[in-house]
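The lines below spell out each chain.
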Amino acid sequence: MADIMIRTLLLLLTLSGLFVCTYTLGVGINYGQIANNLPPTSHVSALLKALNISRVKLYDADPKVLSSFANSDVEFIIGLGNEYLPRMQDPQEAQIWIQEKVQPFLSQTRITCITVGNEILGGQDIQLAPYLYPAMQTMYQALVNLGLHKQVYVTTAHSLQILATSFPPSQGAFREDLIQYLQPILNFHAETNSPFLINVYPYFAYKNDPNNVPLEYVLFEPNPGATDPNTNLKYDNMLYAQIDAVYSAIKALNHENIQVQISETGWPSKGDENEFGATVQNAGIYHKNLIQRMQKQEGTPANPSQPLDIYVFALFNENMKPGPTSERNYGLFYPNGNPVYNLGVQAGYLPRINYDSASWKNGLSTFNLLFFLIGYLIFA
């Protein structure tokens, strides 16, 4: 009986034309793996395919992940860990890394970018700062030597801590002590036509000063906004103001044509008592509104013709991340595949990942896919 019902519903969906519709988040996703309860990578591949997510950012070059996405349309940013930077001063080490971590997968998996380190500048480990730009150079030169530099670009991801000034956006400026490192990196981006990556979290501004930072302003909700007195441009959310501050800081170092991409942004669904605003409701509002902005392909007030390019952090909650509770609760999904909150579609129909179910061995079962389509066809 169940089989007959499924066939009937599939036929009705096909005849009605609904089967050609897809639900898409419209953003890239950060796939972190600091956890001991995550589903197998083959299951994750099926999940992202169902969600129509085609851009994934890793923090390493996990061969299991890259192999699981072979012959898919998913585009990967892979990461060279911070610990590798001193070794990558040696051109031979850089070439070996690419030959082992990148080259074997390129024929079947779309790897388009290597991030050399994550949040090196402005972080705790200042000893690594002098190694960053040389490592980027050697990695790029290794790609050139292997004939891969037009297929894979090199960049690095920064935290917003590299800014000395972020408001008003037109006065955005880098920290003086970091300019010696940032100037050659910006020159590198200009020469190789690669983007400047920044991790931006309006949540932190609200958490640190909830009495003076309006919640609506950081959540993209209706609010009076803030006006830049120098340009008279109005900002109705903090993320756009922070992005334009980065553009201003880059311009102050005499670069006009470097694209800024958001390599991380997100909002935790749970936090400690002093982590104000870390709730399921706020996380859902932030991501839902962000995704709606992304689907409009709009730019920021100071850069309206440059559509936003954003990777959300993160795909799953990661239960082994150190630090406060919020660090383990940035995921859009629980490890079992259920959404943490409603992203603007009918929740509850995302195929649950059952580790004992044979239906997941070859991706989503027909039954789960059917109900996924029914629940997720229309974006609110």
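Residues numbered from 1 in each chain as written. Predicted model: local features only at pLDDT ≥ 70, side-chain atom pairs only at ≥ 80, totals over all residues. Heavy atoms only, no water.

### Description of the overall build of the chain
What the chain contains, in helices and strands, is 11 helices and 12 strands. Scored against the burial criterion, the 380 residues of the chain give a buried share of 50%. Within the chain, contacts between residues at least 6 apart in sequence are counted, and of these 69% link residues at least 24 apart. For the chain, the computed accessible surface area is about 17,500 Å², with 50% contributed by carbon and sulfur atoms. (Helix = DSSP H or I, 4+ residues; strand = E, 2+ residues; numbered from the N terminus. Buried < 20%, exposed > 50% of the residue type's maximum accessible area, 1.4 Å probe, protein only. Contact = heavy atoms within 4.5 Å. Areas by Shrake-Rupley, 256 points an atom, 1.4 Å probe, with all protein chains shown as cover.)

### Here's the deal with the pairing of strand β12 (residues 310–313)
Here β12 shows no split at all, with Ile 310 and Val 312 on one side and Tyr 311 and Phe 313 on the other all buried. With 3 bridges joining them, strand β1 (residues 28–30) and β12 adopt parallel strand pairing. Along β12, the bridge assignment pairs Asn 30 with Phe 313. Alignment of strand β11 (residues 260–265) against β12, held across 2 bridges, turns out to be parallel. From the neighbouring strand, Thr 265 faces β12, where its bridge partner is Val 312. In this view, the connection linking β11 to its parallel neighbour β12 by way of helix α10 (residues 280–295) has right-handed handedness. (Pairing = 2+ DSSP bridges. Right-handed = clockwise from strand over helix to strand, strands pointing away.)

### Some points on the packing of helix α4 (residues 91–101) against helix α5 (residues 129–145)
For the pair α4 and α5, the least separation of the axes is 8 Å and the interaxial angle reads 60°. Accordingly, the angle class assigned to the pair α4 and α5 is oblique. Seen along the crossing, α4 lies across α5 with a hand that is right-handed. In this structure, α4 contributes Pro 91, Ala 94, Gln 95, Trp 97 and Ile 98 to the contact, and α5 contributes Thr 138, Met 139, Ala 142, Leu 143 and Asn 145. Across the contact of α4 with α5, the residue classes tally to 7 nonpolar, 3 polar and no charged. (Axes fitted to C-alpha atoms, helices over the stretch in contact; angles between N-to-C directions. Parallel < 35°, antiparallel > 145°, perpendicular 65-115°, else oblique. Left-handed = near helix turned anticlockwise from the far one by under 90°. Nonpolar A, V, L, I, M, F, W, Y, C, P; charged D, E, K, R; others polar.)

### Comments concerning the pattern of salt bridges
When the charged atoms of two side chains lie near each other, side chains of opposite charge can form a pair. Under the criterion given, the structure shown has 7 salt bridges. Of the charged contacts in the structure, one is a salt bridge between Asp 309 and Arg 55, with a shortest N-O distance of 2.5 Å. With Asp 309 in the loop between α10 and β12 and Arg 55 in strand β2 (residues 55–57), the pair connects residues that are 254 residues apart, well separated along the chain. Across this residue pair, the class does not change: Asp 309 and Arg 55 are buried. The network of salt bridges with common partners includes Asp 236, Arg 293 and Glu 298. (Salt bridge = Lys/Arg side-chain N within 4 Å of Asp/Glu carboxyl O.)

### Brief notes about the packing of aromatic side chains
Taken as a whole, this structure holds 14 aromatic pairs when the rule is applied. Summarising the aromatic geometry, the rings of Tyr 31 and Phe 316 are spaced 6.4 Å apart at their centres and angled 70° between planes, so their arrangement reads as edge-to-face. Of this pair, Tyr 31 sits in the loop between β1 and α2 (41–51) while Phe 316 sits in the loop between β12 and α11 (366–376); the two residues are 285 residues apart in sequence, bridging distant segments of the chain. Taking relative accessible area as the criterion, Tyr 31 reaches 2% and is therefore assigned buried. By relative accessible area, Phe 316 is classed as buried at 2%. (Phe/Tyr/Trp six-rings, centres within 6.5 Å; stacked < 30°, edge-to-face > 60°.)

### Focus on the packing of α5 against helix α6 (residues 179–192)
α6 packs onto α5 with a crossing angle of 15° between their chain directions and a minimal axis gap of 9 Å. With respect to α6, the element α5 is oriented roughly parallel. The two elements α5 and α6 cross, and the hand of that crossing is left-handed. Contacts between α5 and α6 involve Ala 129, Pro 130, Leu 132, Tyr 133, Met 136, Gln 137 and Tyr 140 on the former and, on the latter, Tyr 181, Pro 184, Ile 185, Phe 188, His 189 and Thr 192. Of the residues contributing to the contact of α5 with α6, the split by class is 10 nonpolar, 3 polar and no charged.

### Observations regarding the pairing of strand β3 (residues 75–80)
Where a strand is regular, its side chains alternate between the two sheet faces. Counting buried positions over the 6 residues of β3 gives 5, a clear majority of the element. Judged from the 3 bridges that link them, β2 and β3 form a sheet pairing that is parallel. Pairing of Val 56 across the sheet is with Phe 76, part of β3. Between the parallel pair β2 and β3, the chain is carried across by helix α3 (residues 63–68), and the sense of this crossover is right-handed. Tracing the backbone out of β3, into α4 and back to the parallel element strand β4 (residues 110–118) gives a crossover that is right-handed.

### Some points on the nonpolar core
Counting residues in each nonpolar core, the largest one holds 100 residues, and the members touching the most others are Phe 76, Ile 78, Trp 97, Ile 114, Met 139 and Phe 174. Per element, the largest residue contribution to this core is 10 residues, and it comes from helix α9 (residues 238–252). Discounting residues that sit within four places of it in the chain, Phe 76 has contacts with Val 56, Leu 58, Val 65, Leu 66, Phe 69, Thr 109, Arg 110, Ile 111, Thr 112 and Cys 113. (Core = buried A, V, L, I, M, F, W, Y, C linked by side-chain atoms within 4.5 Å.)

### Concerning the side chain of Thr 155
Inspection of the secondary structure assignment puts Thr 155 in strand β5 (residues 153–159). When its relative accessible area of 0% is taken as the criterion, Thr 155 is described as buried. Non-local contacts of Thr 155, meaning those with residues more than four positions away in its chain, are made with Cys 113, Ile 114, Thr 115, Val 116, Met 136, His 189, Pro 195 and Leu 197.

### Some remarks on α2
The buried fraction of α2 amounts to 9 of the 11 residues, a majority that puts the element mostly inside the structure. Of the residues making up α2, those classed as buried are Thr 41, His 43, Val 44, Ser 45, Ala 46, Leu 47, Leu 48, Ala 50 and Leu 51. Within two residues after α2, Asn 52 carries a phi angle of roughly 60°, on the positive side.

That is the geometry; function is a separate question.
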